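# A look at the structure
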Amino acid sequence: MAKKKSKRVVSTQGKTQSSTVVNITVGDGKGLSVYTPYISTPNFTFFFERPSTEFDRSSLQLPHMFALKNGFSLVTDGSKLVGIEFAKQISQLFINYLNAESISKHTCRKIAIGAQHFIKFIAEKHPPCQRVENLQFHMLHEAVMAQTHEISTQIKSFLVKVLSRHPFTKTLGGKASDIPLPLKQKLSVENEDFDSLTNEKSYSDREMCQILTYCVYEIERMRSHLNAINSVTKESLGDDFVGFEKTVRGIKGVTAKVNQFFENENYEAIYQNMLYSAQCERAGMTVENPPIPFRIAAFVGNKVRNEGIDLSEQYEAFKSHVCRHYEPPGHFPNWISHFKLMDKQPTALVALYTMTVTGKNGETIFSIQRNYDGVPWYEHYDKYLGVSNETHLTQKVVRLIGKKQKGKVVKNISIRVPMNSSLFVYLKLLDDIINDPSRDLFFNGATTSKIFFYLKEFFLKSYPVLSDDGKVIESINTRKIRKTFVGNLLLKAIDEVSDGESLVTKMQQALNHNSFDTTFHSYIMKTGTASHIIDASLVALTTDMLNKALHFQGRICEDAEQKTSSKSVYLCDCTDDTKPTHGIPIAERCKKYDMCLGCERAEVYSHHIKNIWYRTMQYDAIAAENPLISSGLLADRRQIAHDTIARFRCEHPDGEWLADTAFEEAVQAYTKGDMLVPPVMQF
């Protein structure tokens, strides 16, 4: 252990120093060192700023640590990640530590490397944090637990020996020394995740936004087309039924009636007969004389050859009428298979959507089982969560199981799917389309290579996805797909378009708009911290908001902790509404309900999360209608709300799926106009 020195003089001045240094103090300034660009100890000199070539450091104690260009400098490099003030605060704490303890250069280097990893973690996961006073204990805990054992040890050493010297850390509600280290993992070929070794840079927000928008648009068209197929009956066709059964009209009779509809420009009658024919074939019936468009094409050709009558314009009108209902993507070679939903598109699109909202790769997704001990997937409830057939629909969760192979070890990967989620709806849609309850695998034996060949050849030719540099993406790489949750809000964007071409136009206009990140992406994508819904540090945050570093000030609680003495309000429970800490004057009791999450009296339980989601949607609506109003106090409250959800994901045992489920419930309520919380009135 390092020994304290009772009589020690440490020089922090060199012969010359060309850089200008602003001296600041940390917190209240009591007992903390003034910032200087370096500190020289009897064993080494620790540089916080990379010295200029003109600076004479010949008289300073060797070795000179972190003075070279390839070394990480706490202030020179750290300030680019977390801001100059935060970087200097950490440097001041190092000065305080090195003035009090005698340590070797080796020990100091390890602690400094821990500081480097901590700074990078905060910059990536909590970018609004711009000073020590913005830290919260869960951030320290995450920083240690999210790393390998070796790096975690270095970070914890920095937190315990250096950061804990800041007076503010005494108010965090926990000690860094109590944070456990992750267990050491024995490296072996069997346990090595080769995906992580070859992982490429993920698709950007804009790229993911395009892929998902086009994917959901086609899935919704697919769902509408299946409903149309299942809705038509022989009775609904009436006299327009062409009688394609062999015993009714025969091939000549069917051809004659179809041609008659065509000549009379009764294209809808042909389309309805095509739907009914597809329904019969999908049900396993043999259709001897289906009313396929090839009959009409032959009829048009014969008219030109035999009678000199050109019906090409009428034929184009017919094709436009049918394709308006369900046009195949790209240059798909088998239009009839596509029309009958018996091609690869349903499987490809639902698989793509499943990968994005679960974050699982193709290997896991395509190995998902369809049945579990004789129970269909949609009734395979997650018993670990206490879900049963009697559980209310809004709380039901099914548990799917796929495989992941690492070396010689094959692991089961569980995927939780709330039954009121968009993912469940789309999985059930594909299950109905495939219509084979006895199949072993849910995606019916599809593979990553086959599915993404289809997406490349047909999907991307109809819907060009533009990269950040404006180039068209030629294929979809599963390793670049990142977890992105898209709820029903995405449907608002596609409801307003009439066809795929207009959707592409609308999307590209949005991409070229200066406010893309704060409008289209913010209100449609909803991507987020822990890779789910909204990343409060990336979406719609101005530099001003980043500097404010607004955070949830209350506690995340489990339902068993709920107290009868607390007052239930819209966004949380309040432990004492007579002593709020949000800083706004009140009368006898606080009624500033939009300030609750910024108050230390707040306790958030699982049932509050959907209300908080709903409130953020109300904030978004105000921002869309009047950005000037939203840019002030409401923007701050919106930031705190999203930070609350991020904290809930991290600190609640079931935070991930509970937050996802709550988002779906909030979206459904918002789109239906159901009021979960009152309108925003407190500006």
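Residues numbered from 1 in each chain as written. Predicted model: local features only at pLDDT ≥ 70, side-chain atom pairs only at ≥ 80, totals over all residues. Heavy atoms only, no water.

## Quick notes on the overall build of the chain
A tally of helices and strands in the chain yields 24 helices and 13 strands. Relative to its full complement of 683 residues, the chain shows a buried share of 51%. Taking all contacts inside the chain whose residues are at least 6 apart in sequence as the whole, residues at least 24 apart take part in 69%. Just so you have it, the chain exposes about 32900 Å², and 51% of that area is on carbon and sulfur atoms. (Helix = DSSP H or I, 4+ residues; strand = E, 2+ residues; numbered from the N terminus. Buried < 20%, exposed > 50% of the residue type's maximum accessible area, 1.4 Å probe, protein only. Contact = heavy atoms within 4.5 Å. Areas by Shrake-Rupley, 256 points an atom, 1.4 Å probe, with all protein chains shown as cover.)

## Points about the packing of helix H10 (residues 267-282) against helix H12 (residues 312-326)
Where H10 contacts H12, the axes come no closer than 10 Å and their chain directions differ by 45 degrees. Taken together, the axes of H10 and H12 are oblique relative to one another. For the crossing formed where H10 meets H12, the hand is right-handed. Residues Tyr 267, Glu 268, Ile 270, Tyr 271 and Met 274 of H10 touch H12, and the partners they reach there are Gln 314, Ala 317, Phe 318, His 321, Val 322 and His 325. Broken down by class, the residue content of the contact of H10 with H12 amounts to seven nonpolar, three polar and one charged. (Axes fitted to C-alpha atoms, helices over the stretch in contact; angles between N-to-C directions. Parallel < 35°, antiparallel > 145°, perpendicular 65-115°, else oblique. Left-handed = near helix turned anticlockwise from the far one by under 90°. Nonpolar A, V, L, I, M, F, W, Y, C, P; charged D, E, K, R; others polar.)

## Considerations on helix H24 (residues 655-672)
For an α-helix the count is 3.6 residues per turn, leaving residues at separations of three or four pointing the same way. Between its first and last C-alpha, H24 extends 26 Å over 18 residues, near the 26 Å set by a 1.5 Å rise per residue. The complete set of buried residues in H24 reads Gly 655, Trp 657, Ala 659, Asp 660, Thr 661, Ala 662, Phe 663, Glu 664, Glu 665, Ala 666, Val 667 and Ala 669. Phi for Gly 673, located one or two positions after H24, is positive at around 85 degrees. (Expected span 1.5 Å × (residues − 1).)

## Here we look at the pattern of salt bridges
Overall, the coordinates contain 20 salt bridges when judged by the stated rule. Notably, a salt bridge pairs Lys 404 with Glu 363, separated by 3.8 Å at the nearest N-O pair. Of this pair, Lys 404 sits in strand E8 (residues 397-406) while Glu 363 sits in helix H15 (residues 362-365), placing them 41 residues apart in sequence. A salt bridge links Arg 649 to Asp 660; the shortest N-O distance between them is 3.0 Å. Placement of the pair is Arg 649 in helix H23 (residues 627-651) and Asp 660 in helix H24, with a sequence separation of eleven residues. Residues joined by salt bridges that share partners form a network here, namely Arg 555, Glu 561, Lys 563 and Glu 603. (Salt bridge = Lys/Arg side-chain N within 4 Å of Asp/Glu carboxyl O.)

## Quick word on the pairing of E8
A large share of E8 lies buried, amounting to eight of its ten residues. Summarising the sheet, E8 and strand E9 (residues 409-418) pair through ten bridges and their orientation is antiparallel. Bridging from a neighbouring strand, Gly 402 pairs with Ile 413 of E9. Once E8 ends, the chain turns through two residues before running back antiparallel as E9, passing Gly 407 with a positive phi of about 65 degrees. (Pairing = 2+ DSSP bridges.)

## Re the nonpolar core
In terms of nonpolar packing, the biggest core is built from 81 residues, with Phe 443 and Leu 455 touching the most fellow members. With eleven residues, the single largest contributor to this core is helix H7 (residues 205-231). The contacts of Leu 455, once residues within four sequence positions are left out, are Ala 348, Leu 349, Leu 352, Leu 460 and Ile 476. Met 65, Ile 111, Phe 121 and Ala 143 belong to the second-largest nonpolar core, a separate cluster that totals 44 residues. (Core = buried A, V, L, I, M, F, W, Y, C linked by side-chain atoms within 4.5 Å.)

## Structural notes on the sheet that holds strand E3 (residues 45-47)
Ordered in space as E2-E3-E4, the three strands form an open sheet in which the pairing is mixed. Sheet topology places strand E2 (38-40) and strand E4 (64-65) at the edges, where each strand pairs with a single neighbour. As paired strands, E2 and E3 are joined by three bridges and run antiparallel to one another. Across the sheet, residue Ile 39 finds its bridge partner in E3, namely Phe 46.

## Some points on the side chain of Ser 606
Topologically, Ser 606 is positioned in the loop between strand E13 (602-604) and helix H22 (609-625). Reaching out from Ser 606, the side chain makes a polar contact with the side chain of Asp 559 at a distance of 3.0 Å. Look past the residues within four positions of Ser 606 in its chain and what remains in contact with it is Asp 559, Phe 648 and Leu 658. (Polar contact = N/O pair within 3.5 Å; in protein donor to acceptor, adjacent residues only side chain to side chain.)

## Concerning the packing of helix H2 (residues 84-100) against helix H3 (residues 105-125)
Relative to each other, H2 and H3 sit at 160 degrees, their axes nearing to 12 Å. Between H2 and H3, the angle falls in the class roughly antiparallel. Taken as a pair, H2 and H3 cross one another with a handedness that is right-handed. Of the residues in H3, those in contact with Phe 86, Ile 90, Phe 94, Tyr 97 and Leu 98 of H2 are Cys 108, Ile 111, Ala 112, Ala 115, Phe 118, Ile 119 and Ile 122. Looking at the contact of H2 with H3 residue by residue, the classes come out as twelve nonpolar, no polar and no charged.

## Here we look at unusual backbone geometry
The peptide bond linking Leu 62 to Pro 63 adopts the cis configuration, its omega dihedral lying at -5 degrees. With respect to the element layout, Pro 63 can be found in the loop between E3 and E4. Residue Asp 373 is not a glycine yet carries a positive backbone phi of 55 degrees. By secondary structure assignment, the location of Asp 373 is in the loop between strand E6 (371-372) and strand E7 (375-376). With phi around 60 degrees, Asn 444 is a residue other than glycine that occupies positive phi space.

## Brief notes about the packing of aromatic side chains
Within this structure, the stated rule accounts for 22 aromatic pairs. Aromatic pair Tyr 38 and Phe 55: ring centres 5.9 Å apart, planes at 50 degrees, arrangement tilted. Of this pair, Tyr 38 sits in strand E2 while Phe 55 sits in the loop between E3 and E4, and the two are 17 residues apart along the sequence. Comparing Tyr 38 with Phe 55 shows no difference in burial state: the two are buried. Ring geometry for Phe 442 against Phe 443: centres 5.0 Å apart, planes inclined by 80 degrees, an arrangement best described as edge-to-face. Each of the two residues, Phe 442 as well as Phe 443, counts as buried. Through a chain of ring-to-ring contacts, three or more aromatic side chains come together here, namely Tyr 35, Phe 46, Phe 48, Phe 66, Phe 94, Phe 118 and Phe 158. Directly above the ring of Tyr 378 sits Lys 428, whose terminal nitrogen or CZ lies 5.0 Å from the centroid. (Phe/Tyr/Trp six-rings, centres within 6.5 Å; stacked < 30°, edge-to-face > 60°. Lys NZ or Arg CZ within 6 Å of the ring centre and 35° of its normal.)

## What about the confidence of the model for the chain?
Of the residues in the chain, 72% have a pLDDT of 70 or more, and the chain-wide mean is 75. Contacts of residues 186-199 to residues separated by more than four positions or lying in other chains number 19 contacts, the stretch itself having pLDDT below 50. (pLDDT = per-residue confidence, 0-100.)

## Side note on the sheet that holds strand E12 (residues 573-574)
Taken in spatial order, the four strands line up as E10-E13-E12-E11 in an open sheet, and their pairing is mixed. A single partner strand is all that each edge strand has here, and the edge strands are strand E10 (555-556) and strand E11 (567-568). In the sheet, E10 pairs with E13 via two bridges, with the strands oriented parallel. Residue pairing across strands places Arg 555 opposite Glu 603, the latter belonging to E13.

## Some words on the environment of Asn 99
Within the fold, Asn 99 resides in helix H2. In this structure the C-alpha to C-alpha distance between Asn 99 and Ser 40, which are 59 residues apart in sequence, comes to 9.7 Å.

## Comments concerning helix H16 (residues 422-434)
Across its 13 residues, H16 extends 19 Å between first and last C-alpha, which sits within 8% of the 18 Å expected from 1.5 Å per residue. When you tally the buried positions in H16, you get ten out of 13 residues, the bulk of the element. Regarding H16, the residues found buried are Ser 422, Leu 423, Phe 424, Tyr 426, Leu 427, Leu 429, Leu 430, Asp 431, Ile 433 and Ile 434. Phi turns positive, to about 55 degrees, at Asn 435, one or two residues after H16.

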